[in-house]
Amino acid sequence: MDAWRETVGDALSANVYFGAVASIFCYGIGVYLQKRYRFILFNPILIGIILVVVLLKVFRIDFASYDEGASHLNYLLTPATVALAIPLYKQFEALKKNWKVTLASICVGVLANCAVVYITAKLFDLERVYYVTCLTKSITTAIGMGVTEELGGDVTIAVVMIILSGICGAVFGEKTLKLFHVTDPMAQGLAIGTASHAIGTSKALEMGETVGASSGLAIVVTGVLTVVLAPFFAGLIG
Amino acid sequence: MKYLRQIGVILLVSFIAELVRLLIPAPIPASIYGLIILFLCLQFRIVKLESIEETGNFLLAIMPLLFVPPTVGLIDKWQSLRSIAAPAVLLIIFGTLATMVATGAAAQFFLRRQDRGNR
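Quantities reported herein were computed from a predicted structural model and do not represent experimental measurements.

Participant: I'm lost on empty space enclosed by the protein in this one. Help?
Facilitator: If you roll a probe as big as a water molecule over the atoms, it shows you where there is empty space left. What the rule picks out here adds up to 2 cavities of 30 Å³ or more. In this structure, the largest cavity spans a volume of roughly 50 Å³. The biggest single contributor to the lining of the largest cavity is helix α12 (residues 185–207) of chain A, with 3 residues. The space that makes up the second largest cavity amounts to roughly 50 Å³. Taken together, A:G109, A:V110, A:N113, A:C114, A:L135, A:S138, A:I139, A:T194, A:T222, A:T226 and B:T99 make up the lining of the second largest cavity. Within the residue set of the lining of the second largest cavity, elements represented by two or more residues are α8 (99–123) and α13 (209–234) of chain A. With 4 residues, α8(A) is the largest single contributor of residues to the lining of the second largest cavity. Looking at side-chain class alone, the lining of the second largest cavity contains 4 nonpolar, 7 polar and no charged residues.

Participant: Just to check I follow, could you spell out the packing of helix α1 (residues 2–23) of chain B against helix α3 (residues 53–61) of chain B for this structure?
Facilitator: Between two packed helices, both the angle of their axes relative to each other and the distance between the axes serve to describe the pair. Residue and element names in this part refer to chain B. Axis separation between α1 and α3 bottoms out at 8 Å; the angle between their running directions is 65°. Pair α1 / α3 crosses with right-handed handedness. The segment α1 lies against α3, with K2, Y3, Q6, I7 and I10 engaging E53, E54, T55, G56 and L59. Per-class residue counts for the contact of α1 with α3 are 4 nonpolar, 3 polar and 3 charged.

Conventions we followed
- Here the residue numbering is sequential within each chain, running from 1 through the sequence in written order.
- Each chain gets a letter, beginning with A, and each ligand a number, beginning with 1, in the order they are written.
- Under the rules for a predicted model, residues below a pLDDT of 70 receive no local features and side-chain atom pairs below 80 are neither given nor counted, while totals for whole chains, interfaces and linings still include all residues.
- To obtain the side-chain values, all non-hydrogen atoms of the structure were included, while hydrogens and water were left out.
- Buriedness for pockets is judged along seven lines, at least five of which must meet protein on both sides within 12 Å for an open set on the 1 Å grid over protein atoms alone, while cavities are sets there where a 1.4 Å probe fits but cannot get out, and lining residues have an atom within 4 Å of a point.
- Grid points are joined across faces, edges and corners, and a volume is the space filled by probe spheres set on the points.
- Going along the chain from the N terminus, every DSSP run of H or I of four or more residues is numbered as a helix, and every run of E of two or more is numbered as a strand.
- Residue classes follow a fixed rule: Ala, Val, Leu, Ile, Met, Phe, Trp, Tyr, Cys and Pro count as nonpolar, while Asp, Glu, Lys and Arg count as charged, and any other residue, Gly among them, counts as polar.
- Each axis is a line fitted through C-alpha atoms, taken for helices only over the stretch in contact, and angles between the N-to-C directions span 0 to 180 degrees.
- Should the near helix be turned anticlockwise from the far one by less than a right angle, the crossing is left-handed, and should it be turned clockwise, the crossing is right-handed.
- Two residues qualify as a contact provided that any one of their heavy atoms is within 4.5 Å of a heavy atom in the partner residue.

Written out as structure tokens, the structure reads:
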């Protein structure tokens with residue numbers, strides 16, 4: 001049994017297409033499960049990640065060998081984010097008309113995020129380094145890394161927090177918003193983008209063009225606002 | 001040729017965005033500059049929507065998949081959360097959803113008030 005597993009594992013590790021094929025296949029199973037059963041945890045990203053991790057563990061494949069093929073998918077992340085300009089352009093008239101609402105509600109979101117982090121930090125008596133690290137959890141990864149570093153936080157933890165927050169938003173966002181009667185597509189998009197950056201936005205795009213466009217806009221505005229506001233909140237715990 | 005031109009335009013914008021990132025000393029990633037550059041190009045008719053639309057929409061459609069590999073890469077890093085496990089989990093789940101509900105409720109409230117004002 002073990003010898004067999006090792007042989008398969010070695011064959012998979014050596015194949016440059018393995019990483020990409022495994023990712024697409026596992027993600028595809030997630031898409032199928034989501035369509036077939038309307039269970040909240042059957043989210044394609046979540047299922048994709050879990051199945052890939054299980055696959056790597058079962059066949060004892062190290063991340064580097066997987067990433068050799070899979071990193072070609074990450075390569076497309078920048079172009080895909082650039083493409084968010086398309087829904088933004090199409091919906092721009094509506095967003096422009098509501099620019100005050102957009103700005104005001106994203107401000108509320110950024111402040112709420114910082115306040116929640118501050119309260120949690122006080123409750124758990126967190127050290128400053130962890131507190132400032134958590135402040136950046138709702139902005140897009142690259143901005144979050146930069147801000148965390150500037151504030152004297154732990155960049156590795158920041159990345160984990162940011163990505164997991166994004167996935168949480170993508171998985172539970174739609175249901176949570178429905179539960180709290182946030183039904184307006186623009187409000188939904190702003191909410192998802194402000195709380196869970198690009199990962200949430202990838203889900204928002206599936207909910208509709210208006211939701212996707214306002215979520216995409218929220219990533220940019222939230223990022224900039226956090227760059228400005230986070231240092232002030234960071235100063236609250238010395 | 002159509003798709004080649006479309007991906008060419010999107011990659012060119014990404015390429016320019018990387019250059020911009022090198023020039024501006026702020027913690028902002030190339031993807032954000034690229035988004036803004038492409039948006040401005042569309043707005044000022046430098047790039048026509050037709051010359052990027054299908055490929056752009058394809059990239060948007062596969063976007064969730066693109067987050068799978070970087071997250072799998074966190075397996076070795078989950079350990080780093082151990083020292084703050086309880087507050088981290090709380091913040092990741094409830095912090096994120098609280099931020100989301102606050103933003104959404106505020107936006108909806110402001111939108112409705114604005115609509116009433118216009119009527």
